[in-house]
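What follows is the residue order along each chain.
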Amino acid sequence: MDDKAYLRPGTDVGARDSKAGVVFDVVDPNKRRELPQHDFNEPKVNQTPASFRFIKGCIEHKQEDILINSSDQTLVIVRPKSNIGSSGSVWASDYMRLCHEQPQLFQESRSHAYSMPLKKFSSYLHDTAYYFSDLTMEEDVRNASSEPECQYKLYEEHKLRWLEQQIDEAIQSWNAEEEDGILNSDKEIGHELKAKAVEIQIKAECCIDNCSQLIADNNLYEKEEEVSNDCKNLCCTIERMQLTPWCCDVFKATDAGPGVGVSNLEVRFRDIEIARIHNSDRVSRVHRAPGDSGQNEAERSNAAIGDALVDGSALKWNYYGPLDGLSQDEIENLSLIDLQKREEDCIEKNAWRVAKEVAQTIHDEPGPAGDYIKSYVTTQKERQFFFNTPYLQQYASSKSDVKKATVPGNAYFLKIEKFMQEHCEIGEMYLEILKGSCESGEGEKCEYCLSHEFCSSAGIKHIPRPYPDQQRPGLHYRPPKDTPTVDRGVDDFHPRVQMKAAFNKDSSFFDNPDNIKEFSKKYVVTEDAIKSY
């Protein structure tokens, strides 16, 4: 995963050069496309195309383990930078959006009789229902009071409205595709799922409409528990359909940006939540060191986006004006505040229009692996899958347990935080979530792992991290099959981490050539690299 910094409509920045494409233009100089000779634009219409390159494969065991790719597909989500940003929650919500638009990319490579619209509908409903039931904690609901501005009450109403909204969008998508050559058997299943989802919507709406009274009667949790149980039953119904299972082992390669880097708590939380929703056995996130992010596979996707957009002209952005649709009398009667408000709304409308134009331009253009790019516009902030970002950010910024306990949804966040401590291994440049690893800590599995079996029949262990091969001359690591994965410290042979540790312990350590030579051999890094660092 990676993003293409940002596009600047109305300028020549990034619009002059094509890495692999060819820019065609007319011969007549008076009719040629022209690029502006400046780079001053309206920053609020800048766009960020986010690349997701999905590579699916398996390991072929021969003399050396070889990764064989079975599919390679680039998807792009275009975001208006000023309106959406690129936080960990935005990346995670876009990831979930792609799960519901292209579920086959996240599933094991097995054919199945179910149609694509039914797969999309069922995956959307499952993820929404599971997340709501996982979110619903008695301690959080009991905190709500009937006071109009009670933050805990507002949180519960927000959560219930999110459930209604997500189900409504799933149903709308299903209704739009229901007649597209779908078998009658699939339609029957879809109608059954739709009926269950509508029933959940009705109960959620009832909770919202009567929230204050339910709190006064000390009955809100019982009603939310009914909705949560219906969500669990819906998930069970979908699981009985025996759809193609989701890939149980997921590897995410990123750079160290704030929205995707493993040091970001928001990124960690969202990775764990997605792993729980999809019942993943193992999820690994690895990013390159600063200055080395060009090795990320998604960088080639970014180049393909550039080739699709460069046509010899600048991106248009001024589609709408602040006075559009007003008569002369209405214009003359506008106050300064009203005009400023219309200008702000106009800029936002233009930003979303540009995002749509960019997505349409790069859609079905050649990708980096012989595929064709599939592109989408990100969902608006109030419709993002991970709706509770402000609460998570408030929880993450709280410095004490007492302060954290005042945040709406704190019981759920504490549950995820505990899950992180028991199941995650976090280094300077990687994060690994491993189902069942809680057993190595307290000697028994947690409630989640007891109720979620390994998808892989053989189980999955930690990914082998580089381990020096001292038996071979030169600087070499052991082959993955000979690399130990247990009883190892985090970043135990990470050169930069160990260099920092050695320097902090003794600032003159690397002044000694013998120490440099010994460090070089032990941590598989050249002496020149040590000296330059």
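Please refer to the structure placed before this passage.
Now for a quick tour of the structure. (Residues numbered from 1 in each chain as written. Predicted model: local features only at pLDDT ≥ 70, side-chain atom pairs only at ≥ 80, totals over all residues. Heavy atoms only, no water.)

Overview of the pattern of salt bridges
Counted only if it meets this: By definition here, a salt bridge exists when the distance from a side-chain nitrogen of Lys or Arg to a carboxyl oxygen of Asp or Glu is within 4 Å. Each helix corresponds to a stretch of at least 4 residues labelled H or I by DSSP, and each strand to a stretch of at least 2 residues labelled E; elements are numbered beginning at the N terminus. Accessibility here uses a 1.4 Å probe with only protein chains present; expressed as a share of the type maximum, an area under 20% marks a residue as buried, one over 50% as exposed, and anything in between as partly exposed.
All chains considered together, the criterion is met by 29 salt bridges. Put simply, Asp-134 and Lys-415 hold a salt bridge, and the shortest N to O gap is 2.9 Å. Of the two residues, Asp-134 sits in helix α3 (residues 116–135) while Lys-415 sits in helix α15 (residues 410–423), which places them 281 residues apart along the sequence. Asp-134 gets classed as buried once you look at its relative accessible area, which sits at 8%. Of the charged contacts in the structure, one is a salt bridge between Arg-270 and Glu-273, with a shortest N-O distance of 2.8 Å. One end of the pair, Arg-270, and the other, Glu-273, are both in helix α9 (residues 265–277), three residues apart, so they sit about a helical turn from each other. Comparing Arg-270 with Glu-273 shows no difference in burial state: the two are buried. Several salt bridges converge on common partners, so that one network encompasses Arg-97, Glu-101, Lys-120 and Glu-177.

A word on the packing of aromatic side chains
Rule in force here: Only the six-membered ring of Trp is used, alongside the rings of Phe and Tyr, when aromatic pairs are assigned; centres must lie within 6.5 Å, and planes under 30 degrees apart are stacked while those over 60 apart are edge-to-face, with the rest tilted.
Applying the stated criterion to the full structure yields 24 aromatic pairs. Seen in terms of ring centroids, Tyr-155 and Tyr-391 are 4.9 Å apart; in terms of plane orientation they differ by 80°. Their pairing is edge-to-face. Of this pair, Tyr-155 sits in helix α5 (residues 151–177) while Tyr-391 is found in helix α13 (residues 389–397), placing the two residues 236 residues apart along the sequence. There is no split in this pair, since Tyr-155 and Tyr-391 are both buried. For the pair Phe-510 and Phe-519, a centre-to-centre distance of 5.4 Å together with 80° between the ring planes defines the contact as edge-to-face.

Brief notes about the packing of α3 against helix α8 (residues 220–240)
Definition in use: To obtain an axis, a line is fitted to C-alpha atoms, over the contacting stretch when the element is a helix, and the angle between two such axes runs from 0 to 180 degrees between their N-to-C directions. For a crossing to be left-handed, the near helix must be turned anticlockwise from the far one by less than a right angle; the clockwise case is right-handed. Residue contacts follow a heavy-atom distance rule, with two residues in contact if any of their heavy atoms lie within 4.5 Å. Residues were grouped as follows: Ala, Val, Leu, Ile, Met, Phe, Trp, Tyr, Cys and Pro as nonpolar; Asp, Glu, Lys and Arg as charged; and all remaining residues, including Gly, as polar.
Viewed as axis vectors pointing N to C, α3 and α8 meet at an angle of 145°, and their least axial separation amounts to 8 Å. When the axes of α3 and α8 are compared, the crossing they make is left-handed. Note on element contacts: α8 touches α3 through Glu-224, Val-227, Ser-228, Cys-231, Lys-232, Leu-234, Cys-235, Ile-238 and Glu-239, opposite Ser-122, Leu-125, His-126, Ala-129, Tyr-130, Phe-132 and Ser-133. In terms of residue class, the contact of α3 with α8 is built from nine nonpolar, four polar and three charged.

Some remarks on the state of the cysteines
As a reminder, the rule being used: Here, two cysteine sulfur atoms that lie within 2.5 Å of each other are counted as a disulfide.
If you walk through the whole model with that rule in mind, you get zero disulfides. Of all cysteine sulfurs in the structure, the one in Cys-206 sits closest to Cys-207, which takes part in no disulfide; the separation is 6.0 Å. Cys-235 carries a free sulfur, and the closest cysteine sulfur to it, the one in Cys-231, is 6.9 Å from it.

Details of helix α2 (residues 88–101)
Keep this limit in mind: Here, expected helix span is obtained from the residue count minus one, scaled by 1.5 Å.
Taking 1.5 Å as the rise per residue, α2 with 14 residues should run 20 Å; its terminal C-alpha atoms sit 20 Å apart, in good agreement. The element α2 is largely enclosed, with a buried count of 13 among its 14 residues.

Description of the sheet that holds strand β5 (residues 282–287)
Here is the rule we go by: Pairs of strands are assigned from DSSP output, requiring at least two bridges between the strands.
Spatially, the four strands line up as an open sheet ordered β4-β5-β8-β7, and their pairing is mixed. In this open sheet, the two strands that pair with only one neighbour each are β4 (249–254) and β7 (424–426). Geometrically, the sheet is characterised by an average inter-axis angle of 10° between neighbouring strands, direction not taken into account. Both β7 and strand β8 (residues 430–434) contribute to a ladder of three bridges, which runs antiparallel. Following the sheet pairing, Ile-426 is matched in β8 by Leu-431.

What about empty space enclosed by the protein?
Stated precisely, the cut-off is as follows: We place a 1 Å grid over just the protein atoms. Points where a 1.4 Å probe fits but has no way out form a cavity, open points with protein on both sides within 12 Å along at least 5 of 7 lines form a pocket, and any residue with an atom within 4 Å of a point lines it. Grid points are joined across faces, edges and corners, and a volume is the space filled by probe spheres set on the points.
With the rule as written, the count across this model stands at two cavities of 30 Å³ or more. One number sums up the size of the largest cavity: a volume of about 90 Å³. Forming the walls of the largest cavity are 13 residues, and the residues nearest its centre are Gly-88, Trp-91, Ala-92, Asp-271 and Arg-285. Only α2 and α9 provide two or more residues apiece to the lining of the largest cavity. The volume enclosed by the second largest cavity comes to roughly 50 Å³. If you go around the second largest cavity, the residues you meet are Ala-275, Arg-276, Ser-280, Asp-281, Arg-282, Phe-419, Ile-433, Leu-434, Lys-435 and Tyr-448. Looking at the lining of the second largest cavity, the elements that each hand over two or more residues are α9 and β8. Considering only residue class, the lining of the second largest cavity consists of five nonpolar, one polar and four charged.

The values are spatial; any link to function lies outside them.
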